[in-house]
Amino acid sequence: MLSVPAPAPGCAAVLLGGSRSLPASAAPWVSRVVSAVVGAGLGVSVGCAVGADQLVLSACPPSSLRVFAAFGPGGQGAWRCSAVSAVVAAAASGVPVAWWAGGGASVPLVGRLFCRSVAALAGCIAAVFFAPGPGSLAVAGAAVAASVPVFAVCRLAPPCPRGCVGAWVSGSFLGLACWFWSPAQQRLF
């Protein structure tokens, strides 16, 4: 079992995200991870969708949070799975929000959502996904390509991150049980 030690306090942020269909019953899991991240003196980067993102938004203290929205202030460019009211409320409470983080309204939604998540990943020391689906696994693939450690909080190991070779192994993130993506080692000869 792999265990990743806590990084030095105040040094960076962790991307938290995951499934848009993560149910409210997952809130205790999300709260535990948010508390561990904030307790380690780290910031939280999060997207703008319902499900995992919205649960992170409700669990994280504003002083530790930064939000990356694939839409503009007031919800311009949002879609049915955008957590517009939660993001707008976070902005009103002083949370820094990067509006149109994935590109402007002219960028197709799927591309905008992916680019928003990659923008949220920039500068992060780890990425943690709750019950990751295809979109989260695409972002996990970008994290692996950038040598950012990737963790998944779910009962069973998720599918491989897009474009990655390796395996999910049992591990822990800041003392919490999860899956850790272990990239395959390249053979030199």
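What you see is a predicted model, and the numbers here were worked out from it, not measured in a lab.

J.: How do you make sense of the state of the cysteines when you look at a structure like this?
T.: This model, assessed by the stated rule, comprises 0 disulfides. Summary of cysteine pairing: Cys48 is not part of a disulfide, and the nearest cysteine sulfur, belonging to Cys81, is at 10 Å. Accessibility expressed as a relative area gives 1% for Cys48, which makes it buried. Sulfur of Cys60: no disulfide; nearest cysteine sulfur belongs to Cys124 and is 12 Å away. For Cys60, a relative accessible area of 6% translates into the label buried.

J.: Mind showing me how you'd approach the nonpolar core here?
T.: Nonpolar side chains in soluble globular proteins tend to end up buried together. Membership of the largest hydrophobic core comes to 40 residues, with the highest contact counts inside it found for Leu16, Val128, Phe130 and Phe173. It is helix H1 (residues 27–39) that provides the largest number of residues to this core, a total of 5 residues. Beyond its immediate chain neighbours, meaning those up to four positions away, Val128 contacts Val14, Leu15, Leu16, Gly17, Val33, Phe151, Val153 and Phe173.

J.: Where do I start with the environment of Val153 in this structure?
T.: Along the chain, Val153 falls in strand E7 (residues 150–153). Among the residues examined, Val153 registers a relative accessible area of 12% and is labelled buried. For Val153 and Ala177, which are 24 residues apart along the polypeptide, the C-alpha to C-alpha distance reads 7.7 Å. Those residues in contact with Val153 that sit more than four places away from it in its chain are Trp29, Val33, Val128, Phe129, Phe130, Ala131 and Cys178.

Cut-offs and rules
Residues numbered from 1 in each chain as written. Predicted model: local features only at pLDDT ≥ 70, side-chain atom pairs only at ≥ 80, totals over all residues. Heavy atoms only, no water. Disulfide = S-S within 2.5 Å. Buried < 20%, exposed > 50% of the residue type's maximum accessible area, 1.4 Å probe, protein only. Core = buried A, V, L, I, M, F, W, Y, C linked by side-chain atoms within 4.5 Å. Helix = DSSP H or I, 4+ residues; strand = E, 2+ residues; numbered from the N terminus. Contact = heavy atoms within 4.5 Å.

By themselves, these are just geometric observations and shouldn't be taken as functional.
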